[in-house]
Amino acid sequence: MSASTNIDHSIEDPEEATIINPDEAEEVVEDADGDVPMDSDSDGDEPMEVNLVNDAKVYFDKHGEPIFSIAAHPTDKSIFLTGGGDDVAYVWTPDHVPNDPEEAKVIPREGKVIARLTGHKDSVSAAAFLGAAGQFAVTGGLDGKLQVYDAAQNWRMVDEAQEVQEVNWISPHPSEVAFALGANDGSVWVYSVDAGKLTIKQVLTSHTASCTAGVWTSDGKLLATVSEDGSFYAWDVDAGRSVVALTAADQRFAVEGGLYSVAVSPSGSVAVVGGATGEMRVVGMPTSQTATGARRTAGRPQAGGGGSTGGGQAGQILASLHTHTESVESLSFHPTQPLLASGGVDGKIVIYDAGRGYPVRKTLGEEGGHHEAVVKVEFVKTDGWILTSCGIDGTVRRWDVRAGTELSCWRGHLGGNAAEGEGGVLGFVQTPERITTAGDDGVALVFETVSGGGIAAPTITGAALR
């Protein structure tokens, strides 16, 4: 989870944590007045019974503060990276079976720490594995710091840098040991990691306000970014220049309140951006047959840049959509079908026909579904029609977008309220068989599916939510 959102998830500085010996963690500690924790029945009253529903198979609760970033290892699907409001990142695995046979029977069981990554002085707002083999991990924080860790050295920190005030998001390059980040000052930085050392490849500075989201094309040749100032840029990173530039100065493109989400089609020919008022714009992108000579701005050629014909549509606004009533938080293209999904603060998930000018094909959850803001939508990477979503209501859901029906709903996180900027599921990573979440409640949960179809495991009631 690396993109900034328009939900008011204010990340506050938690008080500096005190390091506690794990062997002492279960001790009951009195406060300054000699009182014991509220769950004690020392006052003679009956303890309050809370019946929680937790469909997870595994939980990971070491953060203790909201988890703002989550990444899955590219080759070892049993390894995850999370970063949180505790200023710490963890590399951890859910596939740990306790030695105690009785403990092994407990569901949900606890995930196991592989490495605790320290050094940030503020919340870890972004995290990613780098390289096709996931040989490095990188974290970015609201302290502006970048830290790189080497898997071959048991995830020891091997380099760090600080060039910005706050890191909003990190997007790993699809094939190289490199990544891009967006900062709160609007700048975009592209780094490579060579022999464990950070090297700045480009600094891109056209946005005039916070850069809220960014994504690479699937071939890694272009980087698309958006900003609170309402601008969109597609960058030729190697050349260090934009090949498409659209700003709020063009009234056809302008979205009041700025842009907060972006997605690029699998072919790289189209980008879609989503804004604060629920509006979206579909923009033509340069194709792989890049021709030199003209940079496209709002569909008009401009001298001095590398552009492409893109079927004559590069830089043009292909469609303007307004299906949401509040901010569009997430966008996802289907990997093989001409489908686009959007999720918004209004709780709606909308499916569009990307092959026919983006008319609405389905609206999911109009009866039921998420009853709070949708934070993320993502198609499952199969040839099927399955979409996964998560929201501030604390649920994770899978949908059959062809039928427009909900397949499954998993619970376990504490629900929240989008207006108050708290609670719920802030992101997830997935395979067809497993969904791993990042919770505002400080817990990561692992939900298992059946054959990737989203059939929920039996609900477990009263399971401990740590």
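Source: prediction; values computed, not measured.

Q: So what about the UniProt feature "repeat: WD" (unreviewed entry) in the protein? Which residues, and what values?
A: As recorded in UniProt, the sites labelled "repeat: WD" (unreviewed entry) are residues 60-92, 117-150, 204-245, 321-362 and 367-409. Annotation note: span residues 60-92, helix share 0%, strand share 48%, distance between end C-alpha atoms 8 Å. The span residues 117-150 is 0% helical and 59% strand by assignment, and the distance between its end C-alpha atoms comes to 11 Å.

Q: Would you mind going over the packing of aromatic side chains in detail, with residue names and values included?
A: Overall, the coordinates contain 8 aromatic pairs when judged by the stated rule. Taken together, a centroid distance of 5.4 Å and an interplanar angle of 10° make the contact between phenylalanine 179 and tyrosine 191 stacked. Of this pair, phenylalanine 179 sits in strand E12 (residues 178-183) while tyrosine 191 is found in strand E13 (residues 188-194), placing the two residues 12 residues apart along the sequence. Each residue in the set Phe60, Phe80, Tyr90 and Trp92 is aromatic and connected to the rest through ring pairs, giving one cluster. Between the NZ or CZ atom of lysine 376 and the centre of the ring of phenylalanine 428, over which it lies, the distance is 4.5 Å.

Q: Pulling in residues and values, what's your account of the pairing of strand E27 (residues 349-353)?
A: The buried fraction of E27 is high, at 5 of 5 residues. With burial as the criterion, each face of E27 is covered, one bearing Ile349, Ile351 and Asp353 and the other bearing Val350 and Tyr352. Adjacent in sequence and paired antiparallel, strand E26 (residues 339-344) and E27 are bridged by 4 residues, among which glycine 347 carries a positive phi angle near 85°. By the bridge criterion, 4 bridges tie E27 to strand E28 (residues 360-364) in an arrangement that is antiparallel. Residue isoleucine 351 lies in a different strand from E28, and its bridge partner there is lysine 362.

Q: Help me get a handle on the sheet that holds E13, residues and values and all.
A: Reading across the sheet, the 4 strands line up as E11-E12-E13-E14 and stay open at both edges, with antiparallel pairing between neighbours. For this open sheet the edge positions go to strand E11 (167-172) and strand E14 (197-204), each flanked by a neighbour on one side alone. Strand after strand, the sheet turns through a mean of 25° between neighbouring axes, direction not considered. Pairing of E13 with E14, which is carried by 7 bridges, proceeds in the antiparallel orientation. The residue bridging valine 193 from the neighbouring strand is leucine 198, located in E14.

Thresholds applied
Residues numbered from 1 in each chain as written. Predicted model: local features only at pLDDT ≥ 70, side-chain atom pairs only at ≥ 80, totals over all residues. Heavy atoms only, no water. UniProt positions renumbered as here; feature names shortened; annotations may be inferred. Helix = DSSP H or I, 4+ residues; strand = E, 2+ residues; numbered from the N terminus. Phe/Tyr/Trp six-rings, centres within 6.5 Å; stacked < 30°, edge-to-face > 60°. Lys NZ or Arg CZ within 6 Å of the ring centre and 35° of its normal. Buried < 20%, exposed > 50% of the residue type's maximum accessible area, 1.4 Å probe, protein only. Pairing = 2+ DSSP bridges. Axes fitted to C-alpha atoms, helices over the stretch in contact; angles between N-to-C directions.

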